[in-house]
Amino acid sequence: MNIYEKHGWAMVPSRNGFGEALRELAERHPELVVIGADLTDSTRASYFSENFPERFFNAGIAEQNAAGMAAGMSLAGKIAVFSTYGVFAAGRAYDQIRTTICYSNANVKIGGAHGGISVGPDGATHQALEEIATMRVLPRMTLFTPADAEETRKATIAAVEEIKGPVYIRFGRAPVPSITDRDTSFEVGRARLVRDGDDLTIIACGSMVAESILAAEILESENIFARVIDLHTVKPIDRETIEKCARETGAILTAEEHQIAGGMGSAVAEVVVATHPVPMDFVGVNDRFGESGEPAELLKAFGLDYRSIAEKAKNLIKRKTV
Amino acid sequence: MKITDTSRLEEIARRVRFDIIKMTYHAGSGHPGGSLSIADILTALYFNALNHDPKNPEWNDRDRVILSKGHACPALYAVLAEAGYFPREELWTLRKFGSRLQGHPAVDKGLPGIEISTGSLGQGLSIAVGTALAGKKLDDANWNVYAILGDGEIEEGQVWEAFMAAGHYHLDNLIAIIDNNDLQIDGFVCDVMNIHPIPDKLKAFNWQVFVVDGHSIPEIIDVVEEAKKVRGTPKAIIAKTVKGKGISYMENVADWHGKAPNRELALKAVAELGFPESALDNDI
Ligand SMILES: Cc1ncc(C[n+]2csc(CCOP(=O)(O)OP(=O)(O)O)c2C)c(N)n1
């Protein structure tokens, strides 16, 4: 039994939540269509395509075309969801997303699978570590980085039902601890308080939320009380909560399975320096490409496990001035 | 290293297939289907058609090979090891943390024989066009460039931009080999996004097109020789292949695109290839 199971957390890949949401949404929204790019099972778009084959279109291995097709669907009044791995969605089709989708405010939802280093043995080419940076800089884009399968489900539903315009939902491949359930609230643009504390705040997203909870438990055993925040919406960012955490805890550590440069932590830092500057540090990938390995092994090697987070937290609070 | 004896070449290809099974089995993941479909093509290239020197991978006059369908790297790794680019034992580190044998070919790990990192489909032919263009127009080079593409892969628009550019520049030092196994991940290429007729399309882009049985090593060797002689246009070889070739339960099954066999099935594959069961675990 691993540490997550000991905690009572079931291990489920967040991509499952994306697939479940699509199936659920399809019932309520006859105008919902899904466009795939030869990765239908892997992205879990299969949960939709198997039940609603007439509303699923495979673009083949042609991500740029798929992104454009999704935008075109919106001209015909459809809500189009385009899904493939994050490297190919946000990377290969970047200009299509920028100009055709965001500039035109097309009602397109992008399901970015395989976000993060925990993609594992496929290696660097398939580990998306840049999409938070590249998607959040696009005007009109909403960016979700849910923590587990259930939150991915809710984010996907919100993307379709609450937002008219472009949304990017980032989720992962490997099973992650289910830390939320059906009753857990999900409010677009509202960071979620996971655990309270006043010595510092750890703001995390994706699989790093669970790691941060474990880090907070280690810290607690050393009499350090960390607040943990799940920043499931990187854009629009919850300025109010971030400022409040900076004010109340005096130090902010961010944790993400993504490049430190330009990522969620950078987005938080932009708010902190403009509102209530406090010492900050960042857990993330430090300007290197990913590589092959087992997910847990990689998280550890790249300093993205709960122990590394706890370590950084301890060093960070030494820099606190009050 | 030019082997002309067909039975010796077929023996190498059989070992390459065994290596693909053993590597992916011990990795617990990987892409056996599309690796097995190019085992004969790579064997024909590296042991007969290519000018290369395993002891001097950066030899300036070498032919360049770009594995555009990077996920099939187990086949390439096996052939490179067999040719002597690196020790065979290293094959069993495929996809493991710290290995030079990454899940997709990576130059940053320094594995000899890897020209460039691939794995994001559709990029290799453009690279080959650039290399061929430099060789032909700037260096008057006597080497050729080979790009190996999947048939699903040519759904990528970039591939057609590259086809166009190669035709435009009359790159007769460029040979594209299309692994026409009819399958991609989501099923048959003709069902997912039809790419046919490939020969007519390529001819319209000013390519000379050859079609060959991609599992007949002597025929592959002959067609490459013939293609090398053609001047004035880039050349495409459409290799008719079977995804999963050589392993009964993998042949023509899309599901074997990207998963490793379990122990039972790996042993079955080893037996079908004529190796003793114990070979699966030797040197591990
Ligand atoms: C740009 C890009 N999109 C998607 C993928 C995921 N992917 C890996 S292999 C593959 C199918 C490839 O099919 P094909 O080219 O026919 O190769 P083969 O069947 O010979 O293995 C896909 C979609 C990728 N690696 N790169």
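A quick note: this is a predicted structure, and the numbers were derived from the prediction, not measured. (Residues numbered from 1 in each chain as written. Chains lettered and ligands numbered in written order. Predicted model: local features only at pLDDT ≥ 70, side-chain atom pairs only at ≥ 80, totals over all residues.)

Participant: What's the story with the overall build of chain B in this structure? I'm lost.
Facilitator: In terms of helices and strands, chain B carries 10 helices and five strands. For a compact globule of 284 residues, the expected C-alpha radius of gyration is about 19 Å, and chain B comes in at 18 Å, within 12% of that figure. Dimensions along the principal axes, computed over C-alpha positions, put chain B at roughly 50 × 45 × 35 Å. For chain B, contacts bridging at least 24 residues in sequence account for 75% of all contacts bridging at least 6. (Helix = DSSP H or I, 4+ residues; strand = E, 2+ residues; numbered from the N terminus. Rg over C-alpha atoms; globule rule 2.2 N^0.38 Å. Contact = placed C-beta atoms within 7 Å.)

Participant: Sorry if this is basic, but what is going on with the packing of helix α11 (residues 239-249) of chain A against helix α12 (residues 264-275) of chain A here?
Facilitator: The axes of two packed helices give the description: the angle between them and the distance between them. Residue and element names in this part refer to chain A. In the contact formed by α11 and α12, the axes pass within 9 Å of each other and the chain directions differ by 65°. The element α11 and its partner α12 pack so that their crossing is right-handed. Between α11, through R239, I242, E243 and A246, and α12, the contact on the second element is made entirely by V268, V271, V272 and T275. Here the residues of the contact of α11 with α12 are counted per class, giving five nonpolar, one polar and two charged. (Axes fitted to C-alpha atoms, helices over the stretch in contact; angles between N-to-C directions. Left-handed = near helix turned anticlockwise from the far one by under 90°. Nonpolar A, V, L, I, M, F, W, Y, C, P; charged D, E, K, R; others polar.)

Participant: Hey, could you run me through the sheet that holds strand β9 (residues 192-195) of chain A in this one?
Facilitator: Backbone-to-backbone hydrogen bonds join strands into a sheet, with any given pair of strands oriented parallel or antiparallel. All names here are of chain A. The mixed open sheet is built from five strands, whose spatial order is β9-β11-β10-β13-β14. Strands at the two margins of the open sheet, each flanked by one partner only, are β9 and β14 (280-285). Taking the axes of each pair of neighbouring strands and ignoring which way they run, one obtains an average angle of 25° across the sheet. As paired strands, strand β13 (residues 252-259) and β14 are joined by five bridges and run parallel to one another. By the bridge assignment, Q259 is partnered in β14 with V285. Strands β10 (200-204), β11 (226-230) and β13 of the sheet are contacted by α11, whose axis makes an angle of about 175° with β11. (Pairing = 2+ DSSP bridges.)

Participant: Mind showing me how you'd approach the interface of chain B and chain A here?
Facilitator: How big an interface is tends to be stated in terms of accessible area lost as the parts join. With 26 residues of chain B at the contact, the number on the chain A side is 26 residues. Classifying every residue of the side of chain B that touches chain A gives seven nonpolar, 12 polar and seven charged.

Participant: How do you make sense of the site of the ligand when you look at a structure like this?
Facilitator: With respect to spatial proximity, 26 residues lie near the ligand, and among them B:G34, B:L121, B:G150, B:G152 and B:E153 are the closest. Near the ligand, residues from chains A and B are present, making the site a shared one. Elements with a minimum of two residues in the shell around the ligand: α6 (86-92) of chain A together with α2 (32-36) of chain B. (Near = placed C-beta within 6 Å.)

Participant: Explain the domain arrangement of chain A to me, please; I cannot follow it from the model alone.
Facilitator: Residues and elements named next belong to chain A. Each assigned domain of chain A is listed with its residue range as follows: domain 1 (7-177) and domain 2 (192-317). Averaged C-alpha coordinates put domain 1 and domain 2 at centres separated by 24 Å. Counting residues at the interface gives 29 residues for domain 1, matched by 33 residues for domain 2. Breaking the side of domain 1 that touches domain 2 down by element, the ones donating at least two residues are α8 (131-136), β6 (142-144), α9 (149-161) and β8 (175-177). (Domains from an automatic or database assignment.)

Participant: How should unusual backbone geometry be read in this particular structure?
Facilitator: A negative phi angle is the norm for most residues apart from glycine, just as the trans form is the norm for most peptide bonds. Cis rather than trans, the peptide bond between A:K235 and A:P236 has omega equal to 0°. Along the chain, A:P236 turns up in the loop between β12 (233-235) and α11. A cis amide bond links B:H196 with the next residue in sequence, B:P197, at an omega value of 0°. With a phi close to 65°, A:D38 is a non-glycine residue in the positive phi region. Secondary-structure assignment places A:D38 in the loop between β2 (32-36) and α3 (40-43). Assessed through the 27 C-beta atoms surrounding it within 10 Å, A:D38 is described here as buried. (Buried ≥ 20, exposed ≤ 12 C-beta atoms within 10 Å, placed from the backbone.)

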